[in-house]
Structures are given as structure tokens and as C-alpha cells.
Amino acid sequence: MLSSDQLGPKWDCLLGSKGLEDKEGPRGGGSGLPPPDCFPGSWRLDVGLDCKGSPEGAEARAWTAYYYSLLQSCLQQAGLPETQDRSQVPRTGNMLLCLSPAWLTKVPAPGRPGEAALLVSKAVSFHPGGLTFLDDFVPQRQATYFLVGLGPGPGQGREAAELARDLTCPTGASAELARLLEDRLLTRHLLAQRGGVAVPATLAFTYKLPTLLRGGDGSPGLRLVELSGREGQETLVKEEVGAFLHSEALGDALQVAIKLSSWRWRGQQALRLHPRAEVGTVADTVVALLEKLEEEESVLVEAVCPPARLPSPGNPPPGPELAMRICAVVCRTQGDRPLLSKVVCAVGRGNRPLRHQNSLPRTLEVALAQCGLGEAAQVAVVRRSVKTAAEAALAAVLALEAGLSVEQRGGRLACTDFLGVDFALTVAGGALTPVALELNSGLCLEACGALEGLWAAPRSGPATEEAVAAAPLVETMLRRSARCLMEGKQLLVVGGGSVSKKFVWEAARDYGLKLHLVESDPNHFASQLVQTFIHFDVTEHRRDEENARLLAELVRARGLQLDGCFSYWDDCLVLTALLCQELGLPCSPPAAMRLAKQKSRTQLHLLRCQGPPWPSPSLHAVPCCPLESEADVERAVRQVPLPGVMKLEFGAGAVGVRLVEDALQCHQHFSRIAHDLQGEADHPGIGLGWGNSMLLMEFIEGTEHDVDLVLFRGKLLAAFVSDNGPTRLPGFTETAACMPTGLAPEQEAQLVQAAFRCCLGCGLLDGVFNVELKLTGAGPRLIEINPRMGGFYLRDWILELYGVDLLLAAAMVACGLRPAVPPHPRASGYLVGVTGLVSQHLQVLRSSASQEALQVLHDRGLLRFNQFTSLEEAQVPGEYEEPYCSVACAGPSPAEARLRLLGLCQGLGIDGPHYPVAHFLSHFK
């Protein structure tokens, strides 16, 4: 057995500076041990590598361990699981299936009167590659999200419902909410009145209206008749039925359906179909069913929507008329926004009821074609209509739930995370119209799973890639689980940042985080928004090691019980890593932070990282030379090809970055920076506390991109790529951006892998990092690594488009928890934005594009406004200015978002001859 201690990386070693074929060792007849500690990563080392019956000597075992680590490094970079030693590693997963209520236990939750924690004793756990294991948990595992199956029929529904009630963890369903969805009278009213969704014309009889319908307004196409008692109602029923069956509300319907509506009758519906002309029979059936009703239950008479079918020229198609039932699964996503996940259809005879599980599931395209509606334009119209109606249905349900009490919901954290909506497709007003028949909590998802299962078996012919209906639901489960894990966590934040980081404090309150702040400014706006404020000068970074020790003593003296410590502010990253080391909290090594923080060291180090494994980070590094004096400038212009880029070693926000074309410009810019930017007071917040040394690096032609990464223990969990517009040369101030990237998938993958390998090459294993690259004809080239969460608008955009919060991910990593992020999140649309500069826009920023005006447009959903600094602080010389704000527009495509933004900028006055927005957006066509 090898030592179980983690290898401590020595970041000054040349990581694989020579290929294996250049090295001699015992395998090749030479002598010597393998290079020590050369694979940055996180994996178990206490694995049994000895082969019984064939003992190895010390050197041979060292080489075996070397190749094992090389294998793990390759697996890690490929995003594959670590090799498992089944004799040592317990087989536990995070997605657990409990087949019996007996496998779960509720225990009172400390500090939460009336609530309980849910503990798992036994479960089926799921693993990548389709592996499952039946596991026992000693001690029991605590659930952080619970989704209970409340399906119809006999079974353990009562016990499951009781398990889901009043939990401390989020639940995606409850018996109380399911009962509301099963009340067709309530849902018809809800969809028609609040959602604007078409529902069948319906006549409802009840002895007592459901509580949530009392005192409300009527709904179009819905007639409510409240009966005074059980006796002597026949005449009233017949009159109401006759008026309903002869009314224009039924349109072309030839039949009506009669059914009971309540939770008590779910799964055992006695559906009766009658011709519309049989008034007496319909009335008699209603009277007979009324005898079975209890309070707040109802009998519904509803129009059977005639199947949609286009008239065909000549003879009608042979065979019976076909009807279709459309099942739509819609999920609750970030910000309580509904998102249509998948549509699956059933097709059957038009004169018979179509139900779940009595028809083979089909795609919308196939089902429509079978009903004679095969044109692509028709399919697109129907899909849009279904999407609009299904998402409106869930929005109406969520709005209803928001007004319910904790008791009515079945718990403080109970809500509907996904919904199945059943539609009939009919023709109304000359247009194909989906009419909502009912809401359900699982049958539509089951139908989607059955359709997806069609593609599970191996087959010949081209593969069909079907989206998984449950994917958005799983993302919501992960997101809510993460909130549960992080609620109440105590985190120390080093450096409060500027006004651009005000979202941190709003999000912390929303997530229930307990933040403690270390900040140099005693009057910082966040000082009143945190649990503890520690006033401490963090601007002198030459004393970071000493300051880390002092801060650790302050933390201990105040008795802070921290779960984690992190920073999103450039100046404080190394200090934060040193402080984490002092306090024994998770973080990337201080040496790795120092390496990434100093731009020339980053490039020069990566140039020496030539593998293995391959491709190596050296492929992406750019030649450069550090500059401390005029003599260094002279030497640099002989070593680095010109034109080049000069920048501050520790700079931020592109301040002081300049394109230099010859030696004279290099000397002039070096002298200018040395005179103008000598210390923190000359330009706060851009890294001058580290000094004003510079570097010269080769200028790389290509398009510029940001890659925001989430890493945990050396594994890449998520990556988000955005495109930048052309910068304003000779400076490099950002002008425009687009997300998601418009690059081809292969180029996007190249950028992600380049960013990931560069972070690993520097030893950055845990955290949220922002990597700036250029994509050249020869592949990605590194501009710089920002070893913290992306700045400006990036966190806001990623949250908006993908539902992933980089701030929450960074906080989870800081607490040693794997961030709950989907590996391949899907963007909900596109955002295209342009930056505003005080030097170019001062007049409009004080009038048509003032902060107040932009905020109003943001609140109305017409644009996204991100402010980076105050207008007063932004008024610095143009050569050293940072962007003041970002203004962005959304759209279903980059072209549409770009056109909206261009029109907006022209209207606000942001576009002009000296700031040509159309040129800055030209990369996004």
C-alpha cells in the first residue's frame, strides 16, 4: 500500500519537460527513479498496486506508481472517473432510489420546530456508465432533495406522502400539491384564467366549491353550478345540461365526456362518452354520479375536442379517423421559470378515449404525419403552441403555489418542480390549437422515458440523439440540493470589491449563507451586510504571508467556526490561499495562486509544461519577458517578436495594456506606466499593491474568448465559453461580448480543453476560474488566467442563460463540497452586450442612458444592465479607464440579439462615429 497522504505538488518543477522517450530508467536498462510529484491532480494513492505472488522492488514500485498517476491524470483530464479499488472504496452515489418507505427515516430537525430531516438507510445508487448498486448506509445519509412518487393505484402512497411532508430538505412534490393538480375543476379554472391556456368547454356540478375557487371570477368556457343539496336537483341539472349542450361554447364538438374530479378518484376514472345530442342521457349520468360526490368534489361535463385533420383533395384517406394526445413535460428552472423539456404523443382512433399507457409513444413529428399534418411549417407551429401553453400552465401553477400557506403546500420547501400537461390537438378559429385536458405529476414523464427507451437497443443505421426529458428536472434537483447543503454555511470573504460585486451580498442572503468580511475600507458598503466585519489592510501584498498569519489569529480570537474561505477580488487571491492554508480550509495551493497571478510566470511556466500527458499546456502558452527596468525592455524587444503587448504583471481590467509595434513604443509605454501608476493610490483595485512591474508578450492574431471553468479536486465540472468583440486598439478595453459562443463545437472544445489544461498546469485544482484566450489558426493561445470567478457581467449572464451560479459554485468548492452543476448545461437563448465607457459616453450616461434609465429598462426586461463602478470613480484618463457598464439584449439567436442591441444603442446614443457599435458586434454575425 502506498502512503495515503496526498502528494504535495512542487510547482517549481518542470512538469514533464521531456517526453518519456527521452528519459532513461529501469525499464530501459538504466537506473533511477521517476520524476517526483509531476502530475497535478487529486486522486487516491492508497490503492493496492502490488501483484500477489510477484513482488516488486522499490524502484519498480515507484515506476508503477508513476504510471498509475499518469493514468489518473489522463482520466481526470478526459472527464472520466478515477480508477476504483473496489476493496477499499465504498460504492455510494448521490442519486439514490429508495424502493420502500422502510428504507427512509424521518427524525426531528434541531432548530426547526415541526420539521424533520430525512435519512436514507438503504438505496439503489447510480453510477456513470449505467452501473447501479444496492447499498446500505451506516451511518445513515441525510437527503438534500426528495422527489416522491405519488402515482395512482394501490401501494405505499400514504407512507410516501407522509415522508415528504414538512422536511428540512427541498421536495419536488407533495401529496397536498398533487391533490390540487388532480382537481380538474381547479386546474381548468387556473389554466383558463391565469395562464390563458385553451381548455375544453366545461360544465361543472358541485355541492361545495373548492376553497381556492370561492369568491373568484369566472373563467371563459367554464360554467360552475353549485348545488344546494343532494335531493331534488334533477330539473336544475337537466336545464343546465341542455343549455350547455346547445351552447356555442362547444363549437364543432360532437361528443361530451362525463367524469369525476377529485384526488379521491385519481387512477380509477369512470370516463363516459355520449353524443352531444343525447341531453337526457347526459343529464341522467350526471345525476347518478352526483350521489358519489363528497364536499369540494365535482362532476364535469366537457366537450370532446374533434381531432385536427386537414381536408385532403379527392377521396378521404381510408380507415378510421385518428386523434392524437400530446404529452408535454415542463420543468421549473432557475428563477422559477418554466422550460418545456420534451413532447411525446399518442395516436389512436378518434372515437375512443386516448389514455397514457394504452398507445405507443411517438415524437410530435411522427404523430402529426400520421394524422395528415406532416408539413414542416405545421409541425413548427404546433410545437411553438404546445411550448407556450405548457410553460404557461406551469407558470400558473407556480403562481398559485406562491400564495399557499406552508400547510397547504405540505412543507416550507415543497413546490412543483415538473409538470406533465396533456393536450388534445384541435382546430379553433381556423388554427391548430392545443387544448389542455389535464395536469399530472408523472405520467407524461413516464411516457417520455418510454419513447427514449426506443433508442436504447443497438441497431443498424444512423444513430438518433434524443434529448432526455428529465435533464432540466435533474438540474433543478441539483440546484435545490446545493441550496440545502449551503444554507447556514459560514464563509470568510477576503476583499469586498467594488459596486460590481453587490450581487454577492444579495445572493448570500438568498442562499442563507453566513458571510464574514475582511476589508481594507472601514466604510465599505458591505460592512453592514455581513455577520462579522474585520477591518484589515489587505493592500500591501508583499506582506501577504505575515498578514495571513495575523488574520488567522483574528479569526480564532473571534471564535469564528468557518466552513470555508474564498475571494473573488484579484488583489486578495494569494492572501486568501495563504489564509486557507493557515486555517486548514480547502483551496488551491498558494504557490499555484502566485503562479497564475503573475502573468509572465504563468506563460513561462506553461511553456515548460510539455507533457505527458499530451496535448500539453505548452501548446497554448505565448512567449513573453518580464520587465522590471529599462534594461529589461531592451532585452525583451530582442527576445519577443514585435508587434507585442505590454501590460502590468498583476494588472486587472485591461488597465495599462497596450499594443506596441517597435522598440521606441516599448520604452515610451514602460516610462509612462512607471510615472503614472506607481502605487495603489494612483488607480485602486487594479493590482498596484503588488507593484507596477510589466511584461512584454507576443501579439497573437485571432478572436478573443472567455472560458469560465468550475474545477473540483482537479476535475472539470463545467465550462462556459463566450465570444468577445474587437478591442479598441492600441488599448485592449473590452467592447462587446456574446454568449453562448458562436464557434463550431470542435473549436469550442479546443478552448475548453486549453483553459482546463492551463489551469491544471499551474496547479489550480479547486475553484471557479476565468481564462482569457485567443483562437488562432494554430489553435487556442493563452492571454491570462484569472484565478477567480469571471468579472464584469459573466456571472450574471451564466446564471441567466444556464441557471448555474458561479458564486454558489465557488462557495461550495470553498467548503470542500462538489458543486452541483450539470456537466452539459443547455443555454436558454443568447445574450449580446456592449460596454459603456465614460470617455465616450459621459453625456448620454448623464441623460438618455443614465443609471436610472438603464435600470428601468432592465426591470422591464428590455435589456440587461450591469454596472461595474460608479460614474464618478470611472472618470479617469481614457488611457487607463475601465468599462463603466455593460448593456445587453437577449434573443433566440445571436443575430436577433445583436439587432435588438444595435437598435437600442442607437436609440440611447451609445452608438456613434467614435464608438461604432455595429463594428464591435460584427464578430457575432
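The coordinates are above.
Residues numbered from 1 in each chain as written. Predicted model: local features only at pLDDT ≥ 70, side-chain atom pairs only at ≥ 80, totals over all residues. Heavy atoms only, no water.

**Comments concerning the packing of helix H11 (residues 471-486) against helix H21 (residues 806-814)**
It is the contact of H11 with H21, at a shortest axis distance of 11 Å, that shows an interaxial angle of 50 degrees. Considered as vectors, H11 and H21 are oriented oblique to each other. Here H11 runs over H21; the crossing is left-handed. Within the contact between the two elements, H11 uses Ala 482, Leu 485 and Met 486 and H21 uses Leu 808, Ala 811 and Met 812. (Axes fitted to C-alpha atoms, helices over the stretch in contact; angles between N-to-C directions. Helix = DSSP H or I, 4+ residues; strand = E, 2+ residues; numbered from the N terminus. Parallel < 35°, antiparallel > 145°, perpendicular 65-115°, else oblique. Left-handed = near helix turned anticlockwise from the far one by under 90°. Contact = heavy atoms within 4.5 Å.)

**A word on H11**
Helix length check: H11 (16 residues) gives 23 Å between terminal C-alpha atoms against 22 Å at 1.5 Å per residue, within 8%. One or two steps after H11, the chain reaches Gly 488, where phi turns positive at roughly 85 degrees. (Expected span 1.5 Å × (residues − 1).)

**Some words on the pattern of salt bridges**
Scanning the model with the defined rule gives 32 salt bridges in all. Among the ionic contacts, a cluster of salt bridges with common partners joins Lys 106, Glu 162, Arg 165 and Glu 176. (Salt bridge = Lys/Arg side-chain N within 4 Å of Asp/Glu carboxyl O.)

**A closer look at the sheet that holds strand S5 (residues 202-206)**
Taking strand neighbours across the sheet as the criterion, the 5 strands line up as S6-S5-S9-S7-S8 in an open arrangement whose pairing is mixed. Unpaired on one side and paired on the other, strand S6 (222-226) and strand S8 (272-275) mark the two borders of the sheet. On average, each strand axis in the sheet is inclined to that of its neighbour by 20 degrees, with strand direction left out of account. As paired strands, S5 and S6 are joined by 5 bridges and run parallel to one another. Residue Thr 206 lies in a different strand from S6, and its bridge partner there is Glu 226. (Pairing = 2+ DSSP bridges.)

**A word on unusual backbone geometry**
Going from Val 138 to Pro 139, the amide bond is cis rather than trans, its omega being 0 degrees. Examined against the element boundaries, Pro 139 turns out to sit in strand S4 (residues 131-142). Cis geometry marks the peptide bond from Leu 729 to Pro 730; its omega dihedral reads 10 degrees. Counting through the fold element by element, Pro 730 comes out in the loop between strand S23 (715-724) and strand S24 (736-739). In the Ramachandran plot, Asp 166 falls in the positive-phi region, its phi being about 55 degrees despite a non-glycine side chain. You can see Asp 166 is positioned in the loop between helix H2 (157-164) and helix H3 (175-182).

**Focus on empty space enclosed by the protein**
According to the stated counting rule, one finds 7 cavities of 30 Å³ or more in the structure shown. Approximately 230 Å³ is the volume found for the largest cavity. In terms of lining, the largest cavity is formed by 22 residues, of which the most central are Phe 566, Ser 567, Met 593, Asp 766 and Gly 767. Elements with a minimum of two residues in the lining of the largest cavity: strand S17 (564-566), helix H14 (573-583), strand S25 (767-776) and H21. In terms of residue count, the dominant contributor to the lining of the largest cavity is H21 (4 residues). Of the residues that constitute the lining of the largest cavity, the class distribution is 16 nonpolar, 4 polar and 2 charged. (1 Å grid on protein atoms, 1.4 Å probe; cavity = no way out; pocket = protein on both sides within 12 Å on 5 of 7 lines; lining within 4 Å. Points joined across faces, edges and corners; volume = space filled by probe spheres on them. Nonpolar A, V, L, I, M, F, W, Y, C, P; charged D, E, K, R; others polar.)

**Side note on the nonpolar core**
Counting residues in hydrophobic clusters, the biggest one holds 53 residues, and the most contacted among them are Val 707, Cys 759, Leu 764, Val 771 and Ile 785. When contributions to this core are tallied by element, the ones reaching two or more residues are strand S14 (490-494), helix H13 (544-557), H14, helix H15 (590-597), strand S22 (703-712), helix H19 (745-762), S25 and strand S26 (779-786). At 9 residues, the largest contribution of residues to this core is made by H19. Each residue touching Val 707, except ones within four places of it in the same chain, is listed here: Ala 719, Phe 720, Val 721, Leu 751, Val 752, Ala 755, Phe 769, Asn 770, Val 771 and Leu 773. Core analysis: the next-biggest nonpolar cluster, separate from the first, contains 47 residues, Val 504, Leu 515, Ala 737 and Ala 814 among them. (Core = buried A, V, L, I, M, F, W, Y, C linked by side-chain atoms within 4.5 Å. Buried < 20%, exposed > 50% of the residue type's maximum accessible area, 1.4 Å probe, protein only.)

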